[in-house]
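Okay, here's what each chain looks like letter by letter:
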Amino acid sequence: MKISRRAFIQNTLGALALPSLYPFSSFAAGDNWKRYEITTELSIDAPNQIVQAWIPLPLSKDTDYFKTISIATDGDAKQASVFKTPIGDTRMLWGQWDASSSSRNLVSTFLITTRERNTLSGQFNQALMLSKEEHAYWTQATEFLPTDGIVKEKANQILKPLPKNASDIEKAKAIYNWVVENTYRDPATKGCGVGDVKLMLETNNLGGKCADINAVYVALARSAGIPARDVYGIRVDDSARGYKSLGRSADISKAQHCRAEFFAKGFGWVAVDPADVRKVILEEPGNLTLNDPKVIAIRDYLFGNWEMNWMPYNYGHDIALPGSKLGGKGRIPFLMYPQGETKEGRLDSLDPVNFKYKITSKRID
């Protein structure tokens, strides 16, 4: 049985009533597009318990750098459905098993296509602008992205040297440079971090990983009135740009990576990734510094460009997992890892071996 895209999004609960394949659109190879098959396999060992699990699904809307071709599902969940948040484009596959279930398996396979993203290389287009409602949404504060107090003070300090008529791109570049020069990648940070910007600035502890460093960028940009957002996703292939630290293929269970965007009138959403500049400094061989040619090259590239060996999941913040028994205490700052819940509480999403889940990536052409 096949199902339309709209019906796929609105699918209701059932005893794994999800069809095996959701075809989104036909796709012809070419124009530098690359295709990948991404599979998330989840198996939870929790006998005699009601168990729930959530798998993040790829970005639901097609873009000029990413498209979802199809999604297939499998497993033995007693109930399963797809949920999508009304804002933030956070889409997930949910499954639930009874206490009597003999096993608890859930699989989702995505066929996707990506191509290099270069957002400042085109001509200015006056029509590329946000509505008042969109502008307000993408500049608002969230629990982990405050835009007042120390965040606003720091943004004002960063932008003070700029002329009063500076463009949003100039302001966004100044914030980008400050984040690159003042943060650092901390290998002791679990997972991708949590992005508690206020705490980082108040303690002057600007170490972390991508969800911390890029959250600092997003919060500073928003406090300056520049629409900005995190984009949560996962690396799906090795980097073709010569940076071993900026890619992952085959087993990508620990390859989650958060990027960022800001909106510039006339150019649209502009790709940035200051966190990966700091990752190159820490992880590439040679004890690199900001003045190393390899760092200068990636720093220049990651303002306006993304290498698309990476798949976006969503833009969501402060997410309540549908069906969770933990209520408000069960909210997560973002959905970039599979999630699971038993009567004993939330499983450790950063521990795929014991959770357990595995995510794999395979290049198709």
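Below or above, wherever it landed, is the structure these notes cover. All figures in this text were calculated on a predicted structure; none of them were measured in a lab.

### Quick word on the pairing of strand 6 (residues 91-97)
Then, number 1: Across the 7 residues of strand 6, 7 count as buried, placing the element largely inside the fold.
Then, number 2: Alternating positions in strand 6 separate into two faces, R91, L93, G95 and W97 on one and M92, W94 and Q96 on the other, with burial throughout.
Then, number 3: In this sheet, strand 6 lies alongside strand 3 (residues 51-56) in antiparallel orientation, the contact comprising 6 bridges. Bridging across to strand 6, I55 finds its partner in L93.
Then, number 4: As judged from the 6 bridges shared by strand 5 (residues 79-84) and strand 6, these two strands associate in the antiparallel manner. The partner of S81 across the bridge, within strand 6, is W94.

### Here we look at the sheet that holds strand 16 (residues 310-314)
Then, number 1: Strand order in this open sheet of 4 strands is 14-13-11-16, and the pairing throughout is antiparallel. Strands with a single pairing partner mark the edges of an open sheet, and in this sheet they are strand 14 (268-272) and strand 16. Neighbour to neighbour, the strand axes of the sheet diverge by 40° on average, direction disregarded.
Then, number 2: By the bridge criterion, 4 bridges tie strand 11 (residues 228-235) to strand 16 in an arrangement that is antiparallel.

### Points about the nonpolar core
Then, number 1: Core analysis: the biggest nonpolar cluster contains 90 residues, and I38, L42, I175, Y217, L220, F262 and M311 have the highest contact counts within it.
Then, number 2: Discounting chain neighbours no more than four positions away, the residues touching F262 are D168, I169, A172, Y217, I226, P227, A228, G268, W269, V270, V272 and F303.

### Overview of the sheet that holds strand 3
Then, number 1: Taken in spatial order, the 5 strands line up as 5-6-3-17-18 in an open sheet, and their pairing is antiparallel. Because the sheet does not close on itself, it has two edges, and the strands there are strand 5 and strand 18 (345-346).
Then, number 2: Sheet topology places strand 3 next to strand 17 (residues 339-342); 3 bridges connect them, and they run antiparallel. The residue bridging Q52 from the neighbouring strand is E341, located in strand 17.

### Details of helix 8 (residues 293-301)
Every α-helix carries 3.6 residues per turn, so stepping three or four residues along brings you back to the same face.
Then, number 1: Among all positions in helix 8, only V295, I298, R299 and Y301 are buried. Taken down its axis, helix 8 places every buried residue within 165° of arc, on the same side.
Then, number 2: Packing partners of the buried residues in helix 8 comprise helix 4 (168-182), helix 7 (274-283) and strand 15 (305-306).
Then, number 3: Backbone nitrogen of K294 and a side-chain oxygen of the N-cap are separated by 2.8 Å at the start of helix 8; the cap is D292.

About the criteria used
Residues numbered from 1 in each chain as written. Predicted model: local features only at pLDDT ≥ 70, side-chain atom pairs only at ≥ 80, totals over all residues. Heavy atoms only, no water. Buried < 20%, exposed > 50% of the residue type's maximum accessible area, 1.4 Å probe, protein only. Helix = DSSP H or I, 4+ residues; strand = E, 2+ residues; numbered from the N terminus. Pairing = 2+ DSSP bridges. Axes fitted to C-alpha atoms, helices over the stretch in contact; angles between N-to-C directions. Core = buried A, V, L, I, M, F, W, Y, C linked by side-chain atoms within 4.5 Å. Contact = heavy atoms within 4.5 Å. Arc of directions from axis to C-beta. Polar contact = N/O pair within 3.5 Å; in protein donor to acceptor, adjacent residues only side chain to side chain.

From the geometry alone we can't say anything about function, so treat these as descriptive.
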